[in-house]
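Observations on chain architecture
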Amino acid sequence: MNICQTDLPLDWYQEEFKPYAEEYQALPDRRPGTVLPWLDRYAQPALDHFGDALLLVAHFYMGGEIVKLVERYGGAVSDSYQLALQAARNPHKKVIVESAVHFMAESIAILAHEDQSVWITNPKAGCTMEMLAKDYMVEPVAEQLVERYGDDLLVVAYMNTGGRIKALAGRTGGAVCTSSNAPKIVDWARKKGKKILFVPDQHLGRNTAAKLGMDLSKVVALPDPQLGRGGFKVDDRTVAGGLAALDRSEMILWGSFCGVHTVFSPAHVQYWKERGYTVLVHPESKLEVVQAADGSGSTNFLWEALMKAAPGSKLAIGTEGHFVRNAREQGRLRGVEVVHLADIPDPSYGSMGCGCATMSRNDPPHLAGMLDLLRKGKPPAINRVYAGDVVDEESGALDRLKAEERRELVHNARLSLQRMIDITETGTTSC
Ligand code: SF4
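Residues numbered from 1 in each chain as written. Predicted model: local features only at pLDDT ≥ 70, side-chain atom pairs only at ≥ 80, totals over all residues.

1. Points about the overall build of the protein
Rule in force here: Put simply, DSSP H or I for four residues or longer makes a helix, DSSP E for two residues or longer makes a strand, and each gets a number counted from the N terminus. The atom set for the radius of gyration is the C-alpha atoms, and the globule formula is 2.2 Å times the number of residues raised to the power 0.38. Neighbour counting defines burial: a residue surrounded by 20 or more other C-beta atoms within 10 Å of its own C-beta is buried, one with 12 or fewer is exposed, and intermediate counts give partly exposed, using backbone-placed C-beta atoms. Whether two residues are in contact depends on their C-beta atoms, placed from the backbone: they are in contact if these lie within 7 Å.
Looking only at helices and strands, the protein features 18 helices and 15 strands. Relative to the compact-globule value of 22 Å for 431 residues, the protein shows a C-alpha radius of gyration of 21 Å, a close match. Overall size of the protein, expressed as C-alpha extent along the three principal axes, is 60 × 60 × 40 Å. Relative to its full complement of 431 residues, the protein shows a buried share of 51%. Intrachain contacts of the protein at a sequence separation of at least 6 include 69% that bridge at least 24 residues.

2. Here we look at the sheet that holds strand β9 (residues 251-253)
Here is the rule: The pairing criterion for strands is at least two bridges between them, as found by DSSP. Think of each axis as a best-fit line through the C-alpha atoms, taken over the contacting stretch in the case of a helix, with angles from 0 to 180 degrees between the N-to-C directions.
Taken together, five strands build an open sheet; the order of strands is β6-β5-β7-β9-β8 and the sheet is parallel. Sheet topology places β6 (175-177) and β8 (219-221) at the edges, where each strand pairs with a single neighbour. Neighbour-to-neighbour, the strand axes of this sheet turn through a mean angle of 25°, independent of strand direction. Note that strand β7 (residues 195-199) and β9 share three bridges and pair parallel.

3. So, the site of the ligand
Here is the rule: Here, nearness means that the C-beta atom of a residue, built from backbone geometry, sits within 6 Å of the molecule or strand in question. Here the term charged refers only to Asp, Glu, Lys and Arg, the term nonpolar to Ala, Val, Leu, Ile, Met, Phe, Trp, Tyr, Cys and Pro, and the term polar to all other amino acids, Gly among them.
Every one of the 13 residues lining the ligand counts as a neighbour, but C127, T128, C258, V260 and C356 are closest to it. Residues of the shell around the ligand, tallied by class, amount to eight nonpolar, three polar and two charged.

4. Overview of the domain arrangement of the protein
What counts, and what does not: Either an automatic procedure or a domain database provided the assignment from which the domain bounds are taken.
Entries for the protein in the domain assignment read domain 1 (10-126 + 359-398), domain 2 (130-259 + 410-425) and domain 3 (261-349). Distance from the C-alpha centre of domain 1 to the C-alpha centre of domain 3: 29 Å. In this assembly, seven residues from domain 1 lie in contact with eight residues from domain 3. In terms of residue class, the side of domain 1 that touches domain 3 is made up of four nonpolar, two polar and one charged.

5. Quick notes on the environment of F60
Here F60 is to be found in the loop between β1 (54-59) and α3 (64-72). The class for F60 is buried, based on 24 C-beta atoms found within 10 Å. Each residue touching F60, except ones within four places of it in the same chain, is listed here: V77, S78, D79, T299 and F323.

6. Some remarks on the sheet that holds strand β3 (residues 95-99)
On the basis of which strands lie adjacent, the open sheet formed by four strands has the order β2-β1-β3-β4 and parallel pairing. Unpaired on one side and paired on the other, β2 (76-78) and β4 (117-120) mark the two borders of the sheet. Direction aside, the axes of adjacent strands within the sheet are offset by 20° on average. Inspection of the sheet shows β1 paired to β3 by five bridges, in the parallel sense. From the neighbouring strand, L54 faces β3, where its bridge partner is V95.

7. What to know about the nonpolar core
Here is the rule we go by: We define a nonpolar core as a collection of buried residues of the types Ala, Val, Leu, Ile, Met, Phe, Trp, Tyr and Cys that are connected via C-beta atoms lying within 7 Å of each other.
The biggest cluster of nonpolar side chains holds 129 residues, and the ones touching the most others in it are I108, V156, I185 and V199. A per-element tally of this core places helix α6 (residues 102-111) first, with seven residues. Residue contacts for V199: discarding those within four places in its chain leaves A133, V138, V155, A157, Y158, T161, I165 and W254.

8. Considerations on helix α13 (residues 266-274)
Operational definition: The arc in question is the one spanned by the directions pointing from the helix axis to the C-beta atoms.
Of the positions making up α13, those classed as buried are H268, V269 and W272. Looking straight down α13, one finds that the buried residues subtend no more than 100° of arc, so they occupy a single side. Those residues of α13 that are exposed and aimed more than 90 degrees away from the buried face are Q270 and E274. Buried residues belonging to α13 abut β10 (278-281), α14 (287-292), β12 (314-318) and β13 (337-340). Following α13 by one or two positions, G276 has its phi on the positive side, about 85°.

9. Remarks on the environment of G51
Here G51 is to be found in the loop between α2 (32-50) and β1. Between the alpha carbons of G51 and Q86 there is a distance of 17 Å; along the sequence they are 35 residues apart.

10. Concerning the pairing of β7
Successive side chains on a regular strand alternate, one facing one side of the sheet and the next facing the other. Buried residues dominate β7, accounting for five of its five residues. Both faces of β7 are covered, namely the face carrying K195, L197 and V199 and the face carrying I196 and F198. Across five bridges, the pairing between strand β5 (residues 153-158) and β7 is parallel. Bridging across to β7, L154 finds its partner in I196.

11. Thoughts on the pairing of β3
The criterion, for reference: With the strands aimed away from the viewer, a crossover counts as right-handed if its path from the first strand over the helix to the second runs clockwise.
Judged by how many residues are buried, β3 sits mostly within the fold: four of five residues are covered. When β3 meets β4, the two strands line up parallel, connected through four bridges. Paired with V97 across the bridge in β4 is W119. Where the polypeptide runs from β3 across α6 and back to β4, its parallel neighbour, the crossover connection is right-handed.

12. Describing unusual backbone geometry
For the peptide bond that leads from V199 to P200, omega is -5°, which places it in the cis range. Structurally, P200 can be placed in the loop between β7 and α11 (202-211).

13. Comments concerning the packing of helix α10 (residues 182-191) against helix α18 (residues 403-426)
For clarity, the threshold we go by: Angle categories are assigned with fixed cut-offs, so that under 35 degrees is roughly parallel, over 145 is roughly antiparallel, 65 to 115 is roughly perpendicular, and the rest are oblique.
At their nearest, the axes of α10 and α18 sit 10 Å apart, and the two run at 100° to each other. As summarised for this structure, α10 and α18 are arranged roughly perpendicular, according to the angle between their axes. Contacts between α10 and α18 involve K184, I185 and W188 from the former and M420, I423 and T424 from the latter. When its residues are assigned to classes, the contact of α10 with α18 shows four nonpolar, one polar and one charged.

14. Examining the environment of P379
Relative to the assigned elements, P379 resides in the loop between α17 (364-375) and β14 (390-391). You can call P379 buried: it has 20 C-beta atoms within 10 Å. Along the chain, P379 and T208 lie 171 residues apart, while their C-alpha atoms are 41 Å from each other. Setting aside its immediate chain neighbours within four residues, P379 contacts W119, M370, L373, L374 and R384.

Here you go:
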């Protein structure tokens with residue numbers, strides 16, 4: 001499978017994980033019939049050791065072997081929102097092992113009970129969208145906006161943020177959102193009469209504004225976050241339209257994006273529509289792609305659309321490559337043809353579909369190693385995930401909060417998560 005985020009090496013093994021990687025590399029092939037029995041050799045002793053206290057979780061975007069193994073052992077494979085609830089909803093699970101990106105494991109840790117521990121199989125598995133919205137990038141900019149707009153500014157943090165940004169949302173009276181409930185959350189913030197800082201995905205923010213019928217001239221994007229790794233000055237030079245446009249705006253978009261979801265173009269949509277396919281895309285895609293498609297929504301929405309599709313139907317899905325590969329297998333069982341939106345056999349269309357390279361850093365050797373090291377009581381400290389942890393995805397350096405700071409972060413991050421849950425389920429919030 002192609003990868004999109006070519007800025008980072010595809011994989012990386014900590015010293016402790018190298019023996020498992022070497023065994024994996026020596027396997028005769030990568031077929032499930034070969035990989036799964038090899039993974040079983042490490043998973044089964046860990047399951048025998050921890051019993052019902054062990055929970056494996058993975059995201060929909062993980063490769064097939066990990067998904068199959070997690071399902072085989074009764075674990076959870078879901079989107080980031082459902083993953084975040086795994087510890088809180090399963091208090092009897094004391095050891096939670098996550099194969100996905102770091103912010104997802106951290107969201108589980110924020111909501112976890114005191115006696116639960118959360119582990120990520122590769123701590124350098126970052127989300128490139130989140131990597132351009134670290135606290136040291138966003139907070140200096142948010143401070144300038146708070147200085148200018150005071151209590152009128154409210155931060156909406158997409159689930160694809162670290163705990164420090166979710167806590168920032170909590171402190172400003174804001175909420176977390178997901179790709180499925182973003183319209184509800186933004187609508188709630190607008191009804192409060194607030195100016196919204198939407199972090200980090202500019203495309204989800206813009207698509208949400210369009211869906212709500214907002215005046216897009218009042219939706220202003222901040223510059224490329226790479227402009228200053230320690231934040232940038234908000235002034236007439238850095239903001240399109242200058243400070244006057246910012247003052248008129250209803251929503252300010254942080255400038256990050258997902259490299260996997262921005263490869264799609266309206267020409268891809270047109271190609272498949274002309275051939276009788278229904279086109280469904282994820283709202284992290286560009287506005288013009290979402291508007292050209294037949295529908296858009298979260299990974300859960302896309303999966304449900306597949307499960308509801310009548311036999312004989314044809315779907316072109318614009319999202320992460322592993323998800324579409326898993327959907328294609330599922331579709332085959334149900335007589336539904338599934339293609340990846342960007343997999344067009346004509347080079348003039350410019351790009352092929354791809355998988356999330358950083359999430360794929362959690363490969364089978366990482367899972368085998370994590371389970372084996374946990375069973376032996378020798379897990380590396382960096383693989384334990386605490387709320388507020390920030391890992392540098394290139395160097396592996398870890399910035400971990402002191403206990404007192406962490407308690408405050410958890411309080412504020414839970415406020416923003418709870419507001420999301422209240423708004424989504426009841427339409428109101430008490431906090
Ligand atoms: S697909 Fe994009 S948004 Fe999702 S985890 Fe990967 S980099 Fe982040």
